[in-house]
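# Examining the three-dimensional arrangement
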Amino acid sequence: EDSRGLVHSHSHNSDSTKKSRMLEHFKEYCPAVQHLMTKVKNEAIYENAVFDMDVLNQWSRGSVVLIGDAAHAMTPALGQGANIGLEDSTEIAHCLGILLCVVKNGVEGDTKLTCMVISKKLKDFWLCRLNRTRRVHALSRILADERNKGNADYKVDRSFITSWKPSFLPP
């Protein structure tokens, strides 16, 4: 186990010990689940530690941007990693979409799409996303830590997660 109580697969190579750890983990589940776990073949059990990383303080440089797990990988404890990535894609599509439409339609005359303009828009995008992403990431980490300590029933307030709406929609 590491300092967070996570079991690393490389420290437990025996298939039989992996199965006994799995059965121990599911011992409080209903009998039907426990029965299913006994039917799993030892060699079919894949065990690995779950890791996350701190949310990056900067997601773009020039005209290159990171979104989703590349910028803010989080534990699956909260079940929000993919959702936050989809939120990222919604925001960046809107941010860059408007810029590309302006240039394509010549709304601003001879406006040229420069790296500086794109760089500014990308920075605006991730600055808009940073606080919410950090909140969800922190909550996911707290929930994972509590579960790793054995607090399987630990609850968190998820209300702010479901209340998200794109920044470009009116309040």
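Residues numbered from 1 in each chain as written. Predicted model: local features only at pLDDT ≥ 70, side-chain atom pairs only at ≥ 80, totals over all residues. Heavy atoms only, no water.

## Here we look at the overall build of the chain
Within the chain one finds six helices and two strands. Each helix and strand of the chain, ordered N terminal to C terminal, gives the series α-α-β-β-α-α-α-α. Burial analysis of the chain (171 residues in total) assigns 29% to the buried set. A separation threshold of at least 6 residues defines the contact pool for the chain, and within that pool the share at least 24 residues apart is 64%. Of the roughly 11100 Å² that the chain leaves accessible, carbon and sulfur atoms contribute 58%. (Helix = DSSP H or I, 4+ residues; strand = E, 2+ residues; numbered from the N terminus. Buried < 20%, exposed > 50% of the residue type's maximum accessible area, 1.4 Å probe, protein only. Contact = heavy atoms within 4.5 Å. Areas by Shrake-Rupley, 256 points an atom, 1.4 Å probe, with all protein chains shown as cover.)

## Let's talk about helix H5 (residues 115-148)
At Leu-130, H5 shows its largest bend, some 40 degrees. A positive phi of about 100 degrees marks Gly-150, the residue just after H5. (Bend = angle between axes of the 7 residues up to and from the residue.)

## Some details on the pattern of salt bridges
This structure, assessed with the given rule, holds eight salt bridges. Between Arg-141 and Asp-52 there is a salt bridge, with the nearest N and O atoms lying 2.9 Å from each other. With Arg-141 in helix H5 and Asp-52 in the loop between helix H2 (31-39) and strand S1 (60-61), the pair connects residues that are 89 residues apart, well separated along the chain. Taking relative accessible area as the criterion, Arg-141 reaches 25% and is therefore assigned partly exposed. Residue class for Asp-52 comes out buried when judged on its relative accessible area of 17%. Here Asp-88 and Arg-129 are joined by a salt bridge, their closest N and O atoms 2.7 Å apart. One end of the pair, Asp-88, is in helix H4 (residues 81-105); the other, Arg-129, is in helix H5, with 41 residues separating them in the sequence. (Salt bridge = Lys/Arg side-chain N within 4 Å of Asp/Glu carboxyl O.)

All we've got here are geometric facts, nothing functional implied.
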